[in-house]
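# Summary of structural features
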Amino acid sequence: MAHHHTEPKPLEILILAAGLGTRMKSRRAKVLHELGGLPLIVHVCRTARSLDPQRILVVVGHQAEDVEKAVLAEVGDLAAFVTQTQQRGTGDAVEAARDQLEKSDSLLLVLSGDVPLIRTDTLKKFVAHHRATGADCSILSVRLENPTGYGRVIRDGQDSFARIVEHKDATTEQRQIREINAGIYCFETDKLFEALRRIEPANEQGEYYLTDVPQILLANNCKVMVYLHTDAREVSGINTRADLAEFENLLRRSTIRGLMTDAGVTFIDPSHAYVSADSQIGRDSIIYPNVSIEGKSTLGEGCVIRSGARITNSRLGDNVVIKDHSLVVDSDIESNCSVGPFAHLRMNARLEEDAMVGNFVEVKKSRLGRGTKAMHLSYLGDATIGERTNIGAGTITCNYDGKTKHETIIEDDVKIGSDTMLVAPVRVGAGSVTGAGSVVTKDVPPDSLVAGVPAVIKKSLKNTDSGS
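Structural notes, computed from the coordinates. Only a predicted model underlies this, so the values are computations on that prediction, with no experimental measurement involved. (Residues numbered from 1 in each chain as written. Predicted model: local features only at pLDDT ≥ 70, side-chain atom pairs only at ≥ 80, totals over all residues. Heavy atoms only, no water.)

### Describing the overall build of the protein chain
Within the protein chain, the secondary structure is distributed over 10 helices and 40 strands. Each principal axis of the C-alpha atoms in the protein chain carries an extent, and together these give about 105 × 50 × 45 Å. Taken over 468 residues, the protein chain has a buried fraction of 48%. Total accessible area on the protein chain stands at roughly 22,300 Å², and carbon and sulfur atoms take up 48% of it. In the protein chain, which carries 55 positive and 62 negative side-chain charges, the distance between the mean positions of the two groups comes to 3 Å. (Helix = DSSP H or I, 4+ residues; strand = E, 2+ residues; numbered from the N terminus. Buried < 20%, exposed > 50% of the residue type's maximum accessible area, 1.4 Å probe, protein only. Areas by Shrake-Rupley, 256 points an atom, 1.4 Å probe, with all protein chains shown as cover. Lys, Arg positive; Asp, Glu negative; His and termini not counted. Charge placed at Lys NZ, Arg CZ, Asp CG, Glu CD.)

### Some details on the layout of surface pockets
Approximately 1,800 Å³ is the volume attributed to the largest pocket. Taken together, 47 residues line the largest pocket, and the ones lying closest to its centre are R23, K30, T90, D114 and N239. The element that contributes the greatest number of residues to the lining of the largest pocket is strand β10 (residues 179-188), accounting for five residues. Considering only residue class, the lining of the largest pocket consists of 17 nonpolar, 21 polar and nine charged. Approximately 470 Å³ is the volume attributed to the second largest pocket. What lines the second largest pocket is a set of 23 residues, and nearest its centre among them are H43, P116, L117, L251 and A277. Within the residue set of the lining of the second largest pocket, elements represented by two or more residues are α1 (40-49), α9 (232-235), α10 (241-263) and β13 (273-275). The class makeup of the residues in the lining of the second largest pocket is nine nonpolar, six polar and eight charged. (1 Å grid on protein atoms, 1.4 Å probe; cavity = no way out; pocket = protein on both sides within 12 Å on 5 of 7 lines; lining within 4 Å. Points joined across faces, edges and corners; volume = space filled by probe spheres on them. Nonpolar A, V, L, I, M, F, W, Y, C, P; charged D, E, K, R; others polar.)

### Side note on the nonpolar core
Within soluble globular proteins, side chains that are nonpolar tend to cluster in buried spots. One finds I287, I305, I322, I333, L345 and L351 to be the most contacted residues of the largest nonpolar core, which totals 46 residues. At three residues, strand β27 (residues 356-364) tops the list of elements feeding residues into this core. In this structure, V60, L140, L144 and V235 belong to the second largest nonpolar core, which totals 39 residues. (Core = buried A, V, L, I, M, F, W, Y, C linked by side-chain atoms within 4.5 Å.)

### A short note on the sheet that holds strand β17 (residues 298-299)
Reading across the sheet, the nine strands line up as β14-β17-β20-β23-β26-β28-β30-β33-β36 and stay open at both edges, with parallel pairing between neighbours. Every interior strand has two partners, whereas the edge strands, β14 (280-281) and β36 (426-428), have only one. Where β17 and strand β20 (residues 315-316) come together, two bridges link them in parallel fashion. Across the sheet, residue L299 finds its bridge partner in β20, namely L316. (Pairing = 2+ DSSP bridges.)

Pasting the structure below:
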């Protein structure tokens, strides 16, 4: 007799993300709280997308608009949304998706929006197990040291699934059971929606629980399988801010461990550094305690990042030194530069090779050329500065006239004297010098010395015999 293989059913994913999460004690929906700089829902969507499903349906409720925005940014066209108007339990949340899913001849993987550490590999194995055993419903379970509060998986004499009992409904004997329902399921979609019609409210609040579905399916001669997973941490949800902090710590530790073992990065005190999972650091870089590297930041080889520095969404070349308590945001620093201490680079600041920025210097939307130095107490905004130029202490680009921002251009080999005010828009030509305390309101021609308030040309520096 010929076996004909039917095509495996397409995979669809349903993510439950409607709740507020009262135990977070927050006005913000639980799935929008961030872990490693990304909302919880984004972590789940990223994993969901990696399974290559036909679509990802998200059940939204509280702050639906913000949740949808976060989901769309991560998975785009794959996403569709269903609104659960009143949050009446997990069964009701799935019921809300009936119109979208009921007629789907698919395999439905149900996930929670607050289980951010779940791995692609785990879910792939879970779905494969469901398909291989020909189950109508599969439940992912784990064993916990302390299962208090979780629904227990009750097995029959043959070690097969019997039912799920919620903690508050469990007998003393059942409470000894350590195997719990992780709230991740696989269903044959059509069977799920048949069974949902038969659920009774589980309590006075009129809540419907998805956990009743497997038992109903079993009673109707469907096949229910339990897939016991070994890593409880990976499938645990986040209910409180304490859980969030614990997960943040786990994530941070594994990121930093990876950088030490695989990337060759030195951490003076790994437990007091924060590095986002999306950042990259080159070998032989040294990270001192209390450093924060956030967003998508890239550091080259041999960099030294001193205590109290924060680097966000920035790129550093090789051998860059960021001294204590400096802030670098959305900026680019090429190789062999030094920044700080107490410097602030932001909004697309760019340092070319061998440039130096010292203490209490702020650089905004400006470029410093190769070998250029601004060592003390300066503000450089909307400025383009050439090579080998020295910016004296206390120099300020007066870029704002009360209405608009204007640009300052300083060419190569210029010496800007201490306490010079550059009133933009203004250009200082190559090889020029400004005297201390000058207020430069007009363009300075190349190779000239200007001084005064307002600054005037004192002499030309061209062809002067300097006696060298």
